[in-house]
Amino acid sequence: MNALFLAAAEEPQNPLIPHPDELVIGLIAFIIVFGFLAKKLLPNINKVLEERREAIEGGIEKAESAQIEAQSVLEQYKAQLAEARHEAARLRQEATEQGTAIIQEMKAEGQRQREEIIAAGHAQIEADRKAAATALRQDVGKLATDLAGKLVGESLEDHARQSRTIDRFLDELEAKAESTGAAR
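Note that the coordinates shown come from a computational prediction; the quantities given were computed from them, not determined experimentally.

Parameters at a glance
- Residues numbered from 1 in each chain as written.
- Predicted model: local features only at pLDDT ≥ 70, side-chain atom pairs only at ≥ 80, totals over all residues.
- Heavy atoms only, no water.
- Helix = DSSP H or I, 4+ residues; strand = E, 2+ residues; numbered from the N terminus.
- Buried < 20%, exposed > 50% of the residue type's maximum accessible area, 1.4 Å probe, protein only.
- Areas by Shrake-Rupley, 256 points an atom, 1.4 Å probe, with all protein chains shown as cover.
- pLDDT = per-residue confidence, 0-100.
- Salt bridge = Lys/Arg side-chain N within 4 Å of Asp/Glu carboxyl O.

### Side note on the overall build of the protein chain
A tally of helices and strands in the protein chain yields 3 helices and 0 strands. Along the protein chain, helices (α) and strands (β) appear in the sequence α-α-α when read from the amino end. Counting all 184 residues of the protein chain, 3% fall into the buried class. Accessible surface, the protein chain as shown: approximately 16,300 Å² in total, 63% of it carbon and sulfur.

### Quick word on the confidence of the model for the protein chain
Of the residues in the protein chain, 85% have a pLDDT of 70 or more, and the chain-wide mean is 83. Of all secondary-structure elements in the protein chain, the lowest mean pLDDT belongs to helix α1 (residues 2–10), at 54, while helix α2 (residues 20–152) reaches the highest, 88.

### A look at the pattern of salt bridges
In the structure shown here, the tally under the stated rule is 7 salt bridges. Residue arginine 90 is joined to glutamate 87 by a salt bridge in which the shortest nitrogen-to-oxygen separation is 2.2 Å. Remark: glutamate 87 and arginine 90 occur in helix α2; sequence separation between them is 3 residues, near one turn of the helix. For arginine 90, a relative accessible area of 34% puts it in the partly exposed group. Between arginine 112 and glutamate 109 there is a salt bridge, with the nearest N and O atoms lying 2.3 Å from each other. Placement of the pair is arginine 112 and glutamate 109 together in helix α2, with a separation of 3 residues, close to one helical turn. With a relative accessible area of 36%, arginine 112 lands in the partly exposed category. Several salt bridges converge on common partners, so that one network encompasses Glu50, Arg53 and Glu57.

### Comments concerning the environment of arginine 164
Structurally, the position occupied by arginine 164 is in helix α3 (residues 159–183). Taking the C-alpha atoms as reference points, arginine 164 and glycine 141, 23 residues apart in sequence, are found 9.8 Å from one another.

The structure is reproduced here in structure tokens:
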């Protein structure tokens, strides 16, 4: 071996070309390291990479399913919101219609009460007018009888005669009043 070292030392060595012994030892070391990595580390690395890939794909699938579910829920909420808006519009319309109906009923009730009050007022006025006419007739008759008695000089106490005289006198007055009122 000494001869090899001497022969090798005599030749000029190219720095780019390794010595064959070093090349063989390096190749054996590389095969041992590569074998160790292929047998021990590479399956663990592949296992971890596969788990990460599955986790990522599962996460993507979960995200897609969550997005689909969220879209479905959003569509349901939109449908419920549209339905609620439609219901609110319907309730507003019903309230407006009911309000209008109540106002019409109240107006009709007010009109009816007004007409009843006017009719009652007219009836009261007519009754008061008749009572006043009767009272006036009696007072005028009494005054006319007293005046006629003073003019004639005798008492006109006969009630039948007195009533006829009063009635005739008042009828003449009413006829004159009507003819004067019609002429105007």
